[in-house]
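Report on the structure
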Amino acid sequence: NRVTVETVHKTYPVIIGEGAVKEIGPVLLKMKNKPTRLFVIADEGVYAIHGSALKEALPDPIPVDWHFVPAGESAKSFSVFEQCLTAMLEAALDRHSLVVAFGGGACGDLAGFCAASYMRGIPFIQVPTTILAHDSAVGGKTAINHPLGKNMIGAFHQPEAVIYDTSFLHSLSEKETRSGFAEVIKHAFIADEPMLTEILRTIQKTADIKGAFLAQCLKKGIEIKSAIVKEDEKEIGVRAFLNFGHTYGHAVEALSGYGKTAHGEAVACGMIFALYASQFKNNFSFNIRSFAKWLKGVGYPVKEGLGFSFEEIYTVMTRDKKAYGGTVRFVLLNKIGEPYVTDMTKEELQKIDEHFRKEAE
Ligand code: NAD
Ligand code: ZN
C-alpha cells in the first residue's frame, strides 16, 4: 500500500501496512544516492517496544549509529536538539549520510529538524509509530519548541520516504489512539464527506479504532494531506485548511499545560467549536450536537475547553501565530469537504463560545 507525495523539490513514497518496516531496506538500497551511513534518532520509549523490528529491517551493508531521545514532547527542546547534533558530528555524518526518525510526531519533528539543519540539510526517512504521525510525518514541516512558543523554531524539509508500519500502532495507549484519530476525523471534515460518514458509523469506542478500517483511514488521511501539500508546500494558502479545529484546540492544549489533554483531544474540542462557528457564520448545516455526543461516546473529553473562561481562551488564541490584530484566523466549513479561512472578531467568538457552553450542558 503506497501513496506518492509530490512537492516542488521532491517526490517520495509513503509505504503503509502491517510489517511495512521491512520495506526500509529495499528503499534505502534502491536510493539514487544510496546513503553510506545511517543515524537513527529514536524515541526511547518506542525503541524499548519496537526497536528490534527496525534493527532487523535495516540493511546490513550500511553502518548505523543509534541515538536515543526522551519519549514524546520533551524531545523537542533545544538541549535535546543540541545533543543530537553533537552526536551527529561525533559520528562524522556527511551529506551522504541519512537520518532515520523512529517514533511519534515529536521524535519525527525533532529528527527532521536535525536533518534539516545538519550541514544545511541532509536526507532523512520517517518511520512514524503513532496514529497522529500519519499527519506529522508527511508534508515536510519539522520543528522544535521554544519556551515562548510551540513549533516556533523549525524548517521545511521533506523526507526521502515515509515507512509507516501499522503493527507499531497496536501498543498505543487509548489516549494516544484517540488523539491521533482526531487528525483523521479532521482530514475527513476538510475533504471527504463519505469518509466522515463511514467513521461515524464504524467507530463507537476507542477500541474500534484499529485494524483494516484504521489502515484505510490512515491511507485516506495521507492522501488528503499530500494533495494539500502538493498544492501549497509552504503554507501560504490551502495548507492552512489543515488547521481546522486547531485554533481553539491549541488554546485548550496550551491552557491545560500540554500533556493532560493530548493534542488530538484538544483538537476534537476545537473542531466542535469550529463547527458552531461555521453554523454561526454561514448556516453550515450539520448535527453538531450528535457529533459531540459521538465524540464523547468514543472517549474524547469534549468539554475540556469549558474548564477555561472565554477570556483565557481568547487571550491564548490571539497570541497564536495565526492571529492578526484583535481578530483570530479560523478555518471554517461551508459544507463538509469545503473549508475556507476567515478572521473572526472577539464579539463573534464570544457569542459562539456562549452557544457552545449552553449546548454542552
Ligand atoms: P508523541 O511523539 O509525543 O508520542 C506520544 C507518546 O506515545 C510518547 O510518549 C511516545 O513515546 C509514545 N509512543 C509513540 N509511539 C508509540 C507506540 N507505537 N507504542 C506506544 N507508545 C508510543 O506524539 P504524537 O501525537 O505522535 O505527535 C505529536 C507531535 O507532533 C507534536 O509535537 C506536534 O507538534 C507534532 N505535529 C507535527 C506536525 C507536522 O506537520 N510536522 C503535524 C501535527 C503534529
Ligand atoms: Zn494537529
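It should be emphasised that the depicted structure is a prediction, and the values quoted were computed from it without experimental measurement.

1. Let's talk about the overall build of the protein chain
Scanning the protein chain from N- to C-terminus turns up 13 helices and 12 strands. For the protein chain, contacts bridging at least 24 residues in sequence account for 75% of all contacts bridging at least 6.

2. A word on helix H6 (residues 174–191)
One turn of the α-helix equals 3.6 residues, which is why residues spaced by three or four share an orientation. With 18 residues, H6 ought to run about 26 Å at 1.5 Å a step, and its terminal C-alpha atoms sit 26 Å apart, in line with that. Of all the 18 residues making up H6, 16 are buried; the element is thus mostly covered by neighbouring parts of the structure.

3. Considerations on the packing of H6 against helix H10 (residues 263–282)
It is the contact of H6 with H10, at a shortest axis distance of 6 Å, that shows an interaxial angle of 35 degrees. In the packing of H6 onto H10, the handedness of the crossing is left-handed. For the pair H6 and H10, contact is made by Arg178, Ser179, Gly180, Phe181, Ala182, Glu183, Ile185, Lys186 and Phe189 and by His263, Gly264, Glu265, Val267, Ala268 and Met271, respectively. A breakdown of the residues in the contact of H6 with H10 according to their chemical character gives 7 nonpolar, 4 polar and 4 charged.

4. Section: the domain arrangement of the protein chain
Put simply, an interface is often sized by how much accessible area is lost when its parts join up. The domain boundaries assigned to the protein chain delineate domain 1 (2–171) and domain 2 (174–360). Here the C-alpha centre of domain 2 lies 27 Å away from the C-alpha centre of domain 1. The partner domain 2 presents 21 residues to the 19 residues of domain 1 that form the contact. Of all the secondary structure elements, the ones that give two or more residues to the side of domain 1 that touches domain 2 are strand S1 (2–6), strand S2 (11–17) and helix H5 (133–136). The residue makeup of the side of domain 1 that touches domain 2, split by class, is 9 nonpolar, 7 polar and 3 charged.

5. Describing the pairing of strand S8 (residues 149–156)
Strand direction decides the pairing type here: strand S7 (residues 141–146) and S8, joined by 5 bridges, are antiparallel. Looking at S8, one finds that threonine 142 is bridged to alanine 155. Hairpin remark: S7 followed by S8, antiparallel, with 2 residues in the connecting loop.

6. Concerning the site of ligand 1
Around ligand 1 there are 31 residues in total, and Ala71, Gly72, Gly104, Gly105 and Ser136 lie nearest to it. Listing elements by their share of the shell around ligand 1, those giving two or more residues are helix H2 (44–57), helix H4 (105–117), H5 and H6. Of all the elements, H4 adds the most residues to the shell around ligand 1, at 4 residues. Its residues placed into classes, the shell around ligand 1 shows 10 nonpolar, 14 polar and 7 charged.

7. Points about the nonpolar core
Judged by nonpolar contacts, the single largest core of 114 residues is most densely connected at Ile41, Val99, Phe102, Leu110 and Cys114. Two domains each donate at least three residues to this core, and these are domain 1 (2–171) and domain 2 (174–360). Beyond its immediate chain neighbours, meaning those up to four positions away, leucine 110 contacts Ile41, Val69, Ala75, Lys76, Val80, Phe81 and Ile144.

Reading the values: rules and limits
Residues numbered from 1 in each chain as written. Chains lettered and ligands numbered in written order. Predicted model: local features only at pLDDT ≥ 70, side-chain atom pairs only at ≥ 80, totals over all residues. Helix = DSSP H or I, 4+ residues; strand = E, 2+ residues; numbered from the N terminus. Contact = placed C-beta atoms within 7 Å. Expected span 1.5 Å × (residues − 1). Buried ≥ 20, exposed ≤ 12 C-beta atoms within 10 Å, placed from the backbone. Axes fitted to C-alpha atoms, helices over the stretch in contact; angles between N-to-C directions. Left-handed = near helix turned anticlockwise from the far one by under 90°. Nonpolar A, V, L, I, M, F, W, Y, C, P; charged D, E, K, R; others polar. Domains from an automatic or database assignment. Pairing = 2+ DSSP bridges. Near = placed C-beta within 6 Å. Core = buried A, V, L, I, M, F, W, Y, C linked by C-beta atoms within 7 Å.

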